[in-house]
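A closer look at the structure
The chain contents come next:
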Amino acid sequence: MSAAHFVFRGRLNDFLQRHQRDREIVVHFRGRQSIKHLAESLGVPHPEIGRIQVNGGDETLGRIAQDGDRVEIHPIEDGCTVEPRFLLDCHLGRLTAHLRMLGFDCLYQNDYEDTQMAEILQREGRILLTRDRRLLMRKVVQHGYCLRSLEPLEQLTEVIQRFNLADKFHPFHRCLRCNHPLEPVDKSAILDRLEPLTKKYFDEFHLCPACGQVYWKGSHYERMQKVIEEVAK
Ligand SMILES: [Zn+2]
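Just so we're clear, the structure is a prediction, and the values are computed from it rather than from any experiment.

Conventions adopted
Here the residue index of a chain counts from 1 through its sequence in written order. Under the rules for a predicted model, residues below a pLDDT of 70 receive no local features and side-chain atom pairs below 80 are neither given nor counted, while totals for whole chains, interfaces and linings still include all residues. A pair of strands is treated as paired once DSSP finds two or more bridges between them. Helix and strand definitions follow DSSP, with helices as H or I runs of at least four residues and strands as E runs of at least two, each counted in order from the N terminus. Domain delimitation in this document rests on an assignment produced automatically or drawn from a domain database. Here a residue counts as buried when 20 or more other C-beta atoms sit within 10 Å of its C-beta, as exposed when there are 12 or fewer, and as partly exposed otherwise, the C-beta atoms being derived from the backbone. C-beta atoms are first placed from the backbone for all residues, and any pair lying within 7 Å is then listed as a contact. Here the axes come from fitting lines to C-alpha atoms, over the contacting stretch only for helices, and the angles between their N-to-C directions go from 0 to 180 degrees. The labels follow the angle: roughly parallel below 35 degrees, roughly antiparallel above 145, roughly perpendicular from 65 to 115, and oblique for the rest. A clockwise turn of the near helix away from the far one marks a right-handed crossing, whereas an anticlockwise turn of less than a right angle marks a left-handed crossing. Three residue categories are used. Nonpolar comprises Ala, Val, Leu, Ile, Met, Phe, Trp, Tyr, Cys and Pro, charged comprises Asp, Glu, Lys and Arg, and polar comprises the others, including Gly. The nonpolar core criterion groups buried Ala, Val, Leu, Ile, Met, Phe, Trp, Tyr and Cys residues into a set whenever they are joined through C-beta atoms within 7 Å.

**Regarding the pairing of strand S3 (residues 49-54)**
Where S3 and strand S5 (residues 70-75) come together, four bridges link them in antiparallel fashion. Note on S5: the bridge partner recorded for Val54 is Val71. Where S3 folds back on strand S4 (residues 57-59), the antiparallel hairpin that results is connected by two residues, among which Asn55 adopts a positive phi of roughly 50°.

Here's what the structure looks like:
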């Protein structure tokens, strides 16, 4: 039996059991095991991992662990190396709406099968957002983040910080219901669909060409402004 010594830094400690945090963990293993495999066996999903040092030198997740290795693992740095396009798991409906409100491309269905999600990730290279770390450990996941909070606005703040999105907001650009980009539409074209008060007080409208939803700077807009203020704090 071989043994390697692991230390996890920063927010990677969120994945460890309380008694393992911020201290050396001895991992026993047999045969050929990668650093990735051993880190995930401790509960740390590979998309969260950044710099890896083994015995003081830089290494990659694929390194085969040797007896006596001292492994230090840092969290991936904040930022986004790919287009910020997301796939959200089926528990994240409200976070999806918040992200779409800020203009981000988010695929979401409340009945995705795991195989469907894997196909989408493979085909489109999206970033997976989930609270299920087992999902993040799947090989098909290249980019992903495990949400720590259960509260949608806090989750939004986490995503904005993790992927450096604060200067990429594009409000009023995407349909909250179906994710399709919105288009400006003449009031006259949708007049018959408006409630009397909306008709009276608003002149600027957007239409989702995919699902037909009409948007104006009324209640949606106020909600959106509140969210932006909230996450900018
Ligand atoms: Zn739509």
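**Some thoughts on the domain arrangement of the protein chain**
Think of interface size as the accessible area that goes away when the parts come together; that is how it is often given. With domains assigned, the protein chain is organised as domain 1 (2-75), domain 2 (78-172 + 219-233) and domain 3 (181-216). On a C-alpha basis, the centroid separation for the pair domain 2 and domain 3 is 27 Å.

**Concerning the environment of Arg131**
Within the secondary structure layout, Arg131 lies in the loop between strand S8 (127-130) and helix H4 (133-136). Residue classification places Arg131 among the partly exposed positions, given that 16 C-beta atoms sit within 10 Å. Residues Arg131 and Cys146, 15 residues apart in the sequence, show an inter-C-alpha distance of 5.1 Å. Contact partners of Arg131, with chain neighbours within four places excluded, come to His91, Cys146 and Leu147.

**Overview of the packing of helix H5 (residues 152-162) against helix H8 (residues 219-232)**
Running from amino to carboxyl end, H5 crosses H8 at an angle of 60°, the nearest separation of the two axes being 10 Å. Taken together, the axis directions place H5 and H8 in an arrangement best described as oblique. The handedness of the crossing between H5 and H8 comes out as right-handed. Across from Leu153, Leu156, Thr157 and Ile160 in H5, the residues of H8 making contact are Val227, Glu230 and Val231. For the contact of H5 with H8, the class distribution of residues is five nonpolar, one polar and one charged.

**Considering the nonpolar core**
Most often, soluble globular proteins keep nonpolar side chains buried together rather than apart. Of all hydrophobic cores here, the largest spans 28 residues; its most connected members are Phe86, Leu88, Leu99, Leu128, Leu129 and Val159. Looking at this core, the elements with two or more residues in it are strand S6 (86-88), helix H2 (93-101), helix H3 (114-124), S8, strand S9 (144-146), H5 and H8. The contact partners of Phe86, leaving out residues within four places of it in the chain, are Leu99, Phe104, Asp105, Cys106, Arg126, Ile127 and Leu129. Formed by 13 residues, the second largest nonpolar core is a distinct cluster that contains Ala4, Phe8, Ile35 and Ile49.

**Side note on the sheet that holds strand S10 (residues 183-185)**
Pairing is antiparallel in the open sheet, where three strands are placed in the order S10-S11-S12. Either end of the sheet is taken by a strand with one partner, and the two such strands are S10 and strand S12 (214-216). Strand-to-strand twist across the sheet, computed as the mean angle between neighbouring axes with direction ignored, equals 40°. As defined by bridge partners, strand S11 (residues 205-207) adjoins S12 across three bridges and the pair is classed as antiparallel.

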